[in-house]
Amino acid sequence: MSSQDILQSVSTLASYNVLLQVMFRVLTFLLNAFTLRFVSKELIGVVNVRLTLLYSTLVFLSREAFRRACLSGESGKNHSWRQVINLLWMTVPLSVLWAVLLVSVWLWLLEVPDAQAVPYYSPAVMLFALSGVQELLVEPLWVLAQAHMFVRLKVVAESLAMIAKCSITVILVVFAREWGLYIFSAAHLVYTGFLVLCYAAYFIRFLGSKEAARKSFPLRRVGDLLPRREYGEPLVDRTLARLTWSFFKQSFLKQILTEGERYVMTFLNVLSFGDQGVYDIVNNLGSMVARFIFLPIEESFYIFFAKVLERGRDVRNQKQDEVAIAAEVLECLLKLVLVIGLIITVFGYAYSHLALDIYGGSLLSSGSGPSLLRCYSCYVLLLAVNGVTECFVFAAMSQEEVDKYNFIMLALSVSFLFLSYILTWWAGSVGFILANCLNMGLRILHSLLYIHHYFQRSQWKPLRGLLPSPLILLALGISGIVTAVSEAFFCCNSGWLLRLVHICVGTICLLGVLVAVLLTETELVQFVRTRLLPRYRKKHT
């Protein structure tokens, strides 16, 4: 496969992955909105935090190191595919060992939920662990598919599995609500079972076919997918095994940092199961904005900055016309995400209660949910600014600077876990968001100092993008006051007519803010109309 073919396949795979993530988020969003009408928030908390953490920990620690090792360095060329497959099958017994250990911890060391509020906890723990082991059965096939760019297989398999999971959940929640945690355990087993069936069916059909011969696929028979020792060579490649061990040691820290909030909730008992459920739902709800709006901007313009700037070189020693374009784009991006973030923060305060009431009913809107979502609206603003500043910094940093920043990130991550515990003990579930805000603020400060130093000896000042016009600030301030008063009078316990009045007030205020943007930020409007179009991206990136 040529470099151009690989680039095209990787681009297609990336596009499919984005679509897949969007579909998963939307389906999960709709499924949570539906199940909230039928089950308790305590049940949601146990499933979304406690049991999901068990499953993700088991699967991650069992396969992540193997995936990274076997997909690096073109395994099929530098190592025998027979040895790679033999190594990948080790994920199954490893997952069984992790399952025994984690189930023991989840059943005997952690707090057990009340059997009346959350029935069938112990069987659910074992079934979630079983689903993790079941998913590892497909690992050799998954790596083969990724290595040979079977881009549609992953999309089809995971889409069918997710649809089956959602269907089973909806049916059992409606008709067998008394089953409690059995509902979600069965749905998860169906999900992993569908993954195994889809991959197995594809490779059974593919192996030995004309298509496999045309692509020079290294395996010929279904039996080649099973572990066995070839005559004259060791069972596994020692170099690949050592690389896997190196990645395995890193995976512990990565998992703790990735799932830090859930580990704090699970092992330190800082929140009740009900509060955990509400926090997880609000967190997923708030993060959708960041994933659908800010993440695509960050990923796209990281590529732009990486191509325009010369990594690690002083700004005076680069092509000045390209530096000028980068500075202009950075300034406009900062202003764009700042304006969007400020709009979300201002309107999020007055409409969090209504949004949660529509989404999850009184289960979400009657407790700490509105306060959580209001705080998360402020956190979204920090997420927006951090995404753009870090995408520029990572594109401009030298390798040595990136290595140093990794240590800073490690220190910030550890401090986040400590702050999460302290602030949650002090402020409840809002403490998690406050810890995130402090952590994100420190990351933004580091990026701003780097950008200031980077452009210090040049004529460009892209950080001016963080200064919106006074008219926009005035419009946002008036909108915040008007919508807060509107919420006090019209929302949310006086019927749908007054709710619609509250929505109309917000719509008028939002239009006023947008008019202020159109009148004062002409360069930003021009940037959005031209530079964000696909034609511009194709031309300049």
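Residues numbered from 1 in each chain as written. Predicted model: local features only at pLDDT ≥ 70, side-chain atom pairs only at ≥ 80, totals over all residues. Heavy atoms only, no water.

Draft legend 1. Looking closely at the overall build of the protein chain. Within the protein chain, the secondary structure is distributed over 22 helices and zero strands. Within the protein chain, buried positions represent 50% of all 541 residues. Considering only intrachain contacts with a sequence separation of at least 6, the fraction spanning at least 24 residues in the protein chain is 81%. Here the protein chain has roughly 26200 Å² of accessible surface; of this, 65% comes from carbon and sulfur atoms. (Helix = DSSP H or I, 4+ residues; strand = E, 2+ residues; numbered from the N terminus. Buried < 20%, exposed > 50% of the residue type's maximum accessible area, 1.4 Å probe, protein only. Contact = heavy atoms within 4.5 Å. Areas by Shrake-Rupley, 256 points an atom, 1.4 Å probe, with all protein chains shown as cover.)

Draft legend 2. Expanded view of the packing of aromatic side chains. Under the definition given, this model contains 13 aromatic pairs. With centroids separated by 4.5 Å and ring planes inclined at 35°, the aromatic side chains of Tyr120 and Tyr182 adopt a geometry described as tilted. Residue Tyr120 is found in the loop between helix 5 (91–108) and helix 6 (121–136), and its partner Tyr182 is found in helix 9 (residues 181–206); the two are separated by 62 residues along the sequence. Of the residues examined, Tyr120 reaches a relative accessible area of 39% and is grouped as partly exposed. Residue Tyr182 is classed as partly exposed on the basis of its relative accessible area of 29%. Centroid distance Phe392 to Tyr454: 5.5 Å. Interplanar angle 85°. Geometry classified as edge-to-face. Residue Phe392 is located in helix 16 (residues 369–396), and its partner Tyr454 is located in helix 18 (residues 430–454); the two are separated by 62 residues in the primary sequence. Using a relative accessible area of 0% as the deciding quantity, one classes Phe392 as buried. Through successive ring pairs, a cluster of aromatic residues spans Phe392, Tyr450, Tyr454 and Phe455. Sitting above the plane of the Tyr191 ring, Lys165 keeps its charged end 5.6 Å from the centroid. In this structure, Arg499 packs its charged tip against the face of Trp496, placed 4.7 Å from the ring centre. (Phe/Tyr/Trp six-rings, centres within 6.5 Å; stacked < 30°, edge-to-face > 60°. Lys NZ or Arg CZ within 6 Å of the ring centre and 35° of its normal.)

Draft legend 3. Fine view of helix 12 (residues 260–268). Among the nine residues of helix 12, seven are classified as buried, and the element is accordingly described as predominantly covered. Among the residues of helix 12, Gly260, Glu261, Arg262, Tyr263, Val264, Met265 and Thr266 are the ones counted as buried. Asn269, located one to two residues past helix 12, shows a positive phi value of around 55°.

Draft legend 4. A look at the confidence of the model for the protein chain. Scored by pLDDT, the protein chain has a mean of 82; 89% of the residues are at 70 or more. Model confidence for the protein chain, summarised as mean pLDDT per element, is weakest for helix 22 (residues 534–540) at 40 and strongest for helix 6 at 95. Taken as a whole, residues 73–78 scores under 50 in pLDDT and shows six contacts with residues more than four places along the chain or in a different chain. Between residues 533–541, whose pLDDT stays under 50, and residues either more than four places distant or in other chains, the model counts eleven contacts. (pLDDT = per-residue confidence, 0-100.)

Draft legend 5. Quick peek at the environment of Glu331. Assignment of secondary structure puts Glu331 in helix 14 (residues 320–360). In this structure Glu331 comes out as buried when scored by relative accessible area, which is 18%. Placed 132 residues apart in sequence, Glu331 and Leu463 show a C-alpha to C-alpha distance of 6.2 Å. Beyond its immediate sequence surroundings of up to four residues, Glu331 is in contact with Lys461, Pro462, Arg464 and Gly465.

Draft legend 6. View of the pattern of salt bridges. Counted according to the given criterion, the structure contains nine salt bridges. For the salt bridge of Arg63 with Glu135, the shortest nitrogen-to-oxygen distance reads 2.9 Å. Placement of Arg63 in helix 2 (residues 41–70) and of Glu135 in helix 6 is noted, with a sequence separation of 72 residues between them. Here the two residues Arg63 and Glu135 agree in accessibility, since each one is buried. Here Glu487 and Arg374 are joined by a salt bridge, their closest N and O atoms 3.0 Å apart. One end of the pair, Glu487, is in helix 19 (residues 470–490); the other, Arg374, is in helix 16, with 113 residues separating them in the sequence. Residue Glu487 shares its accessibility class with Arg374, and that shared class is buried. (Salt bridge = Lys/Arg side-chain N within 4 Å of Asp/Glu carboxyl O.)

Draft legend 7. Region of the structure containing the packing of helix 14 against helix 21 (residues 522–530). At a minimum axis distance of 10 Å, the contact between helix 14 and helix 21 shows a crossing angle of 100°. Judged by the angle between their axes, helix 14 and helix 21 are roughly perpendicular. Across the interface between the two elements, Val329, Cys332, Leu333, Lys335, Leu336 and Val339 of helix 14 pack against Glu523, Leu524, Phe527 and Val528 of helix 21. Along the lines of polarity and charge, the residues of the contact of helix 14 with helix 21 split into eight nonpolar, no polar and two charged. (Axes fitted to C-alpha atoms, helices over the stretch in contact; angles between N-to-C directions. Parallel < 35°, antiparallel > 145°, perpendicular 65-115°, else oblique. Nonpolar A, V, L, I, M, F, W, Y, C, P; charged D, E, K, R; others polar.)

Draft legend 8. A look at the nonpolar core. Membership of the largest hydrophobic core comes to 154 residues, with the highest contact counts inside it found for Phe203 and Phe305. Broken down by element, the residue count for this core peaks at 21 residues, all from helix 14. For Phe203, the contacting residues outside a window of four places in its chain are Leu141, Leu144, Ala145, Phe150, Leu153, Phe217 and Leu225. (Core = buried A, V, L, I, M, F, W, Y, C linked by side-chain atoms within 4.5 Å.)

Draft legend 9. Looking closely at a nonpolar patch on the surface. Nonpolar side chains collect at one region of the surface, where Leu471, Leu474, Ile478, Val482, Val515 and Leu519 lie side by side and expose about 530 Å² of accessible area between them. For the nonpolar patch, the elements supplying multiple residues, two or more each, are helix 19 and helix 20 (496–520). Counting residues per element, the nonpolar patch draws most heavily on helix 19, at four residues. Residue placement: Ile478 occurs in helix 19. Relative accessible area serves as the criterion here: at 46%, Ile478 is assigned to the partly exposed category. (Patch = residues over 30% accessible without salt bridge, like charges linked within 9 Å, V, L, I, M, F, W, Y side chains within 5 Å.)

Draft legend 10. Layout of helix 4 (residues 81–88). Of all the eight residues making up helix 4, eight are buried; the element is thus mostly covered by neighbouring parts of the structure. Taken together, the buried positions of helix 4 are Trp81, Arg82, Gln83, Val84, Ile85, Asn86, Leu87 and Leu88.

Draft legend 11. Structural context of the environment of Val46. The topology assignment puts Val46 in helix 2. By relative accessible area, Val46 is classed as buried at 0%. Those residues in contact with Val46 that sit more than four places away from it in its chain are Leu51, Pro113, Val118, Tyr121, Leu181 and Phe273.

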